[in-house]
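# Summary of structural features
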Amino acid sequence: PDEVIHYSLDLTVPTAGSLVFDPASPISITTTTQVRARVFTVGKLPSPVVSQTFVKLAANVLNFRSQLPLMIIDNFGDGPYDTNEASDFENAYWAIFEPQDSDALSSLINKPDLQTRAGVRVRGRGSRKSQKNSFALEAWDEKDQDKDVSPLGMLADSDWILSGPDAFDPSLMRNAFSYKLMNQMGRYAVRTRFVEV
C-alpha cells in the first residue's frame, strides 16, 4: 500500500517527481507513446525501469500483409532522421513481425516477434542524400546501453544495419545474392534478410 508507481511519457527515466499512476485514471494514449515506469517506496531504492511502447498505426497499413518480415522503426514523431554525418543515435522503437505459419504472411496487427527500445541513425556517406537511406540500429536496454537481440533468426548482437542500396543497386539484391553464394561456398559473408520497413 505504500508503494507508488511513477511514470513518464517523454522517454525520460521516471523520478519521484514524475507523474503518478492512478489505476482509477487510465493513461490516455492517442499517438505512438513509450510509457516508462518504476515503483518508489519510502526507505527503499526505486525499482528498475520498465518500458512499454504503444504504436499508433495509420489506417492504410492496418490490413497490409507481406511475404517478407515487416519492421517498424518509430522515432516518436521527431520527423525525418538527421542526415548529418556526425549525427548521434536517436531514440526509437524497433519491432519485427515475421510471417505466420498458418498463411506465411506477416501483419502489423500480429504480436511482434521482436520489440525493443533502440537507437537509430542514418548510415553511409554517399547515400545520405538518397531517397532510400540506410540506417544503423542499436538495440537498447532500459539504460540506453547496447542489448544483444537476435532478429530474423540471426546471431545475437546489439548493432544492426538496414541497407537501402537505392541508386547503387537498383535490383536491391546484388549484395545479398553475393553474400549468400559466399556462405554456401563455406566462406564468411554477412547474413542478410529482406524486410519491408
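By convention here, each chain's residues receive numbers from 1 onward along its written sequence. Since the coordinates come from a predicted model, pLDDT governs what is reported: local features require at least 70, and pairs of side-chain atoms require 80 or more to be given and counted, while whole-chain, interface and lining totals use all residues. By convention in this description, side-chain values take in all heavy atoms of the structure and omit both hydrogens and water.

## Describing the overall build of the chain
Think of it this way: any DSSP run of H or I at least four residues long counts as a helix, any run of E at least two long counts as a strand, and we number them from the N terminus. If you tally the helices and strands in the chain, you get one helix and eleven strands. Each helix and strand of the chain, placed in order from N terminus to C terminus, yields the pattern β-β-β-β-β-β-β-β-β-β-β-α. Counting the 197 residues in the chain, one finds 36% classified as buried. A fraction of 51% describes how many contacts in the chain between residues 6 or more apart in sequence connect residues 24 or more apart. In the structure as shown, the chain presents an accessible area of about 12,700 Å², 54% of it carried by carbon and sulfur atoms. The centroid of the 20 positive side-chain charges in the chain is displaced by 6 Å from the centroid of its 25 negative side-chain charges. A 1.4 Å probe rolled over the protein chains alone gives each residue an accessible area, and that area as a share of the maximum for its type sets the label: buried under 20%, exposed over 50%, partly exposed in between. Any two residues having at least one pair of non-hydrogen atoms within 4.5 Å are treated as being in contact. Calculation of accessible area relied on Shrake-Rupley with a 1.4 Å probe; when residues are assessed, cover is drawn exclusively from the protein chains displayed. This count recognises Lys and Arg as positive and Asp and Glu as negative, with His and chain-terminal groups excluded. By convention, the point assigned to a charge is CZ for Arg, NZ for Lys, CD for Glu and CG for Asp.

## Brief notes about the sheet that holds strand 3 (residues 33–41)
By this definition, two strands are paired if DSSP reports at least two bridges between them. Across the sheet, which stays open at both edges, the four strands sit in the order 2-1-3-4 with antiparallel pairing between neighbours. Each edge of the sheet is formed by a strand with only one pairing partner; in this case those strands are strand 2 (19–20) and strand 4 (50–54).

## Regarding the side chain of glutamate 138
Here glutamate 138 shows up in strand 10 (residues 134–140). Arginine 121 provides the closest opposite charge to the buried, unpaired glutamate 138, separated from it by 6.7 Å. Within 3.5 Å is the distance limit for a polar contact, defined as a pair of N or O atoms, with the added protein rule that one can donate a hydrogen and the other accept it, and that residues adjacent in sequence qualify only through two side-chain atoms. In terms of polar contacts, glutamate 138 uses its side chain to reach the side chain of tryptophan 140, at 3.0 Å. Not counting chain neighbours up to four residues away, the residues in contact with glutamate 138 comprise Phe89, Arg117, Ala118, Gly119, Asp146, Ser158 and Asp159. One side-chain nitrogen of Lys or Arg within 4 Å of one carboxyl oxygen of Asp or Glu is enough to make a salt bridge.

## Focus: the sheet that holds strand 9 (residues 114–123)
Strands sit in the order 6-7-9-10-11 across an open sheet of five strands; the sheet is antiparallel. Of all strands in the sheet, those bounded by a partner on one side alone are strand 6 (70–74) and strand 11 (159–162). The sheet shows a mean angle of 35 degrees between the axes of neighbouring strands, taken without regard to direction. Pairing between strand 6 and strand 7 (residues 90–97): five bridges, direction antiparallel. Each bridged residue has a counterpart across the sheet, and for methionine 71 the counterpart in strand 7 is isoleucine 96. In this analysis an axis means a line fitted to C-alpha atoms, helices contributing only their contacting stretch, and an angle means the value between N-to-C directions, from 0 to 180 degrees.

## A look at the layout of surface pockets
Taken as a whole, the largest pocket spans an internal volume of roughly 1,400 Å³. As for the largest pocket, its lining consists of 43 residues, and the residues nearest its centre are Ile161, Leu162, Ser163, Arg193 and Val195. Gly falls in the polar group here, along with every residue not listed as nonpolar (Ala, Val, Leu, Ile, Met, Phe, Trp, Tyr, Cys, Pro) or charged (Asp, Glu, Lys, Arg). For the lining of the largest pocket, the residue count by class is 30 nonpolar, five polar and eight charged. In this analysis the probe radius is 1.4 Å and the grid spacing 1 Å, with only protein atoms considered; a cavity is a set of points the probe fits into but cannot get out of, a pocket is an open set with protein on both sides within 12 Å along at least five of seven lines, and lining residues have an atom within 4 Å of a point. Lining the second largest pocket, in full, are Met173, Ala176, Phe177, Tyr179, Lys180, Asn183, Val190, Arg191, Thr192, Arg193 and Phe194. Taken together, the residues of the lining of the second largest pocket break down into six nonpolar, two polar and three charged. Grid points are joined across faces, edges and corners, and a volume is the space filled by probe spheres set on the points.

## Observations concerning the environment of serine 51
Note on placement: serine 51 falls in strand 4. Between the C-alpha atoms of serine 51 and glutamate 142, which are 91 residues apart in sequence, the distance is 7.3 Å. Residues within four places of serine 51 in sequence aside, it is in contact with Gln34, Val35, Arg36, Arg117 and Glu142. Within the structure, the side chain of serine 51 is placed 2.9 Å from the side chain of arginine 36, a separation counted as a polar contact.

## Some words on the nonpolar core
Formed by 18 residues in total, the largest nonpolar core has its most connected members in Ile73, Trp94, Val120 and Leu137. Looking at this core, the elements with two or more residues in it are strand 6, strand 7, strand 9, strand 10 and strand 11. Per-element tally for this core: the top contributor is strand 9, with four residues. Setting aside chain neighbours within four positions, we find isoleucine 73 in contact with Tyr81, Ala92, Tyr93, Trp94, Val120, Leu137, Leu162 and Val197. Among the buried residues, those of types Ala, Val, Leu, Ile, Met, Phe, Trp, Tyr and Cys that are joined through side-chain atoms within 4.5 Å form a nonpolar core. Membership of the second largest hydrophobic core comes to seven residues, among which are Ile72, Tyr93, Ala95 and Leu108.

## A look at the pattern of salt bridges
Under the defined criterion, the tally for this structure stands at four salt bridges. A salt bridge links aspartate 103 to arginine 65, with the nearest nitrogen and oxygen atoms 2.1 Å apart. In this pair, aspartate 103 is assigned in the loop between strand 7 and strand 8 (106–107) and arginine 65 in strand 5 (residues 65–66), connecting sequence segments 38 residues apart. By relative accessible area, aspartate 103 is classed as partly exposed at 33%. Judged by relative accessible area, arginine 65 falls into the partly exposed class, the value being 41%. Across the salt bridge formed by glutamate 98 and arginine 193, the nearest N and O atoms sit 3.3 Å from each other. Taken together, the residues glutamate 98 in the loop between strand 7 and strand 8 and arginine 193 in the segment after helix 1 (174–184) connect sequence positions 95 residues apart. Given the relative accessible area of 18%, glutamate 98 is considered buried.

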